[in-house]
Amino acid sequence: MAAPPRPVRDQVVVVLGASSGIGRATALEFARQGCTRIVVASRGEEALGTLVEELTRKGAEAVAVPTDITDQAAVRALVGAAEARFGRIDTFVTVPGVGIWGSVRQIDLDEFRRVTEVNYIGHVAAAQAAVPALERAGGGVLIGIGSVEGYRSIPLHAPYSASKFALRAFYDALRVELAEEKSPVEVSQILPAGIATPFFEHARTKLGSMPKPPPPVYAPELVAEAVVRASVHPRREIPVGDAALGFIAGQRFSPALTDALLSLTGRQLQTTDRPDDGTDILDTPTPGPGRVRGAFADQVLTTSPVTRVAGAVARPGELLLRAIRKRPSA
């Protein structure tokens, strides 16, 4: 039988995709809440270095392991390095995601493949490496950063939306398989709405200007708080930002009406008058020392009642699934 998740201060945590944005905020939040053993990984080595310095100042023993999520051997080596250094892994957070804005007519097939490789296949590789390690620890939590776009796709963002749909389906299948196998590993997926990270500056765009998150925009730290909470109180899915509930409800109750509304407003909600600088991280690491917040961080919301409730209240189905997982085998 799986033991309950350890308190944050006693956990060994791995954050893959920690160089900037949600991943960086998550590592810092674990340290703020008392976690002292944190392994951070991404392609951006300079950003990892500055993050380790920040975590160390907060009292954590932090280790950086440069890792490309599309390299299966590197992901497995990350798990091995974490276990070699700290003896086990209690929580594994998979964050990486890349994006490209443009119409389906404008985006090349190879660009679709690249987004899928990072946002979906990379998370599969991470889960295949992390789940056995979490089981070796006697139980733990696998947390994947998805998106509200895994419920409702938006125009001009088809590769990203499609990858997040696939990712949500993957985590659902994995969660059920692990329950059937009586595995002590919990699977949680975080579903952020528009978050003020550098994701938008780092994305590739064919719109002629820098894209932006649809308003309202929420602070990355809100996502990080949801992740840390899930490491102790796992939930099946946690939407972040009250706007996420609107996205999900619109798709469930009137998808055709949502289609119509987005056809009128989708471009306007995602475009700016800021010129595109021609750089992106679709194929290259995050440049520079790394940042939590991006260019659209001047007006952000830092609270969300929906997120708080979703992370605090276990649904009846979640309780039933846990009971099935703990039931003795025949």
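Before reading further, recall that the structure is shown in the block above.
Residues numbered from 1 in each chain as written. Predicted model: local features only at pLDDT ≥ 70, side-chain atom pairs only at ≥ 80, totals over all residues. Heavy atoms only, no water.

Chemist: Would you explain the overall build of the chain in this entry?
Modeler: Across its full length, the chain carries 11 helices and 11 strands. By the compact-globule yardstick of 20 Å for 330 residues, the chain fits well, its C-alpha radius of gyration being 19 Å. The buried share among the 330 residues of the chain stands at 55%. Here the chain displays about 13900 Å² of accessible surface, and carbon together with sulfur accounts for 56% of that area. (Helix = DSSP H or I, 4+ residues; strand = E, 2+ residues; numbered from the N terminus. Rg over C-alpha atoms; globule rule 2.2 N^0.38 Å. Buried < 20%, exposed > 50% of the residue type's maximum accessible area, 1.4 Å probe, protein only. Areas by Shrake-Rupley, 256 points an atom, 1.4 Å probe, with all protein chains shown as cover.)

Chemist: Help me understand the packing of aromatic side chains in this model?
Modeler: Think of a pair of aromatic rings as described by two things: how far the centres are apart, and how the planes are tilted against each other in angle. Evaluation of the coordinates by the stated rule reveals six aromatic pairs. Their ring planes at 90 degrees and their centres at 5.4 Å tell us that Phe199 and Phe200 sit as a pair that is edge-to-face. One aromatic cluster in this structure is built from Trp101, Tyr160, Phe199 and Phe200. A cation sits over an aromatic face here: Arg168 above Tyr151, 3.7 Å from the ring centre. (Phe/Tyr/Trp six-rings, centres within 6.5 Å; stacked < 30°, edge-to-face > 60°. Lys NZ or Arg CZ within 6 Å of the ring centre and 35° of its normal.)

Chemist: Can you help me understand the environment of His157 in this one?
Modeler: Relative to the assigned elements, His157 resides in the loop between strand E6 (140-145) and helix H5 (158-180). Here His157 falls in the buried class, since its relative accessible area comes to 1%. Sequence-wise, His157 and Ser103 are 54 residues apart; in three dimensions their C-alpha atoms are separated by 7.4 Å. At 3.1 Å, the side chain of His157 and the side chain of Glu149 are in polar contact. (Polar contact = N/O pair within 3.5 Å; in protein donor to acceptor, adjacent residues only side chain to side chain.)

Chemist: Explain the sheet that holds strand E7 (residues 185-192) here, please?
Modeler: Strand pairing within a sheet occurs via backbone hydrogen bonds; the two strands may be parallel or antiparallel. With parallel pairing, the seven strands of this open sheet are ordered in space as E3-E2-E1-E4-E6-E7-E10. At either margin of the open sheet sits one strand with a lone partner, and together these are strand E3 (61-64) and strand E10 (237-240). On average, adjacent strands in this sheet sit at an angle of 15 degrees to one another, irrespective of strand direction. In the sheet, strand E4 (residues 91-94) pairs with E6 via four bridges, with the strands oriented parallel. Paired with Phe92 across the bridge in E6 is Leu142. Packed on one face of the sheet, helix H3 (residues 72-86) meets strand E1 (12-16), strand E2 (37-41), E3 and E4 and runs near 160 degrees to E2. Its contacts with the sheet place helix H4 (residues 109-136) against E1, E4, E6 and E7, and it is angled at close to 165 degrees to E6. (Pairing = 2+ DSSP bridges. Axes fitted to C-alpha atoms, helices over the stretch in contact; angles between N-to-C directions. Contact = heavy atoms within 4.5 Å.)

Chemist: Help me understand unusual backbone geometry in this model?
Modeler: One can expect most non-glycine residues to show negative phi and most peptide bonds to be in trans. Cis geometry is found at the peptide bond from Pro215 to Pro216, where omega equals -5 degrees. Assignment of secondary structure puts Pro216 in the loop between strand E9 (209-211) and helix H7 (220-232).

Chemist: Looking at this structure, how should I read the environment of Lys182?
Modeler: Examined against the element boundaries, Lys182 turns out to sit in the loop between H5 and E7. A residue is classified by how much of its surface remains accessible, and Lys182, at 25% relative accessible area, is partly exposed. Taking C-alpha positions, Lys182 is 4.5 Å from Arg325, a pair spaced 143 residues apart along the chain.

Chemist: What exactly am I supposed to notice about a negative patch on the surface here?
Modeler: There is a patch of like negative charges on the surface, built from Glu135, Glu177, Glu180 and Glu181. Here Glu181 shows up in the loop between H5 and E7. (Patch = residues over 30% accessible without salt bridge, like charges linked within 9 Å, V, L, I, M, F, W, Y side chains within 5 Å. Salt bridge = Lys/Arg side-chain N within 4 Å of Asp/Glu carboxyl O. Lys, Arg positive; Asp, Glu negative; His and termini not counted. Charge placed at Lys NZ, Arg CZ, Asp CG, Glu CD.)

Chemist: I would appreciate a short explanation of the nonpolar core in the present structure.
Modeler: Formed by 44 residues in total, the largest nonpolar core has its most connected members in Phe30, Ile38, Val40, Leu55 and Ile190. No other element matches H7, which puts seven residues into this core. Those residues in contact with Ile38, other than ones at most four positions away along the chain, are Val13, Ala27, Phe30, Ala31, Leu55, Ala60, Glu61, Ala62, Val63 and Phe86. Val79, Phe86, Val98 and Val118 belong to the second largest nonpolar core, which has 37 residues in total. (Core = buried A, V, L, I, M, F, W, Y, C linked by side-chain atoms within 4.5 Å.)

Chemist: Got a minute to help me understand helix H10 (residues 305-312) in this structure?
Modeler: In an α-helix, one turn spans 3.6 residues, which is why side chains three or four residues apart end up on the same side. The set of residues buried in H10 consists of Thr307, Ala310 and Gly311. Angularly, the buried residues of H10 cover 95 degrees about the axis, an arc narrow enough to put them on a single face. For H10, exposure combined with an orientation more than 90 degrees from the buried face picks out Pro305 and Val309. (Arc of directions from axis to C-beta.)

Chemist: When you look at the environment of Val131 in this model, what are you seeing that I'm missing?
Modeler: Looking at the element boundaries, Val131 is found in helix H4. Look at Val131 and you get buried, because its relative accessible area is 8%. For the pair Val131 and Val300, spaced 169 residues apart in the sequence, the C-alpha separation amounts to 35 Å. Ignoring anything within four residues of it in the chain, the contact list for Val131 reads Leu142, Leu174, Leu178 and Val185.

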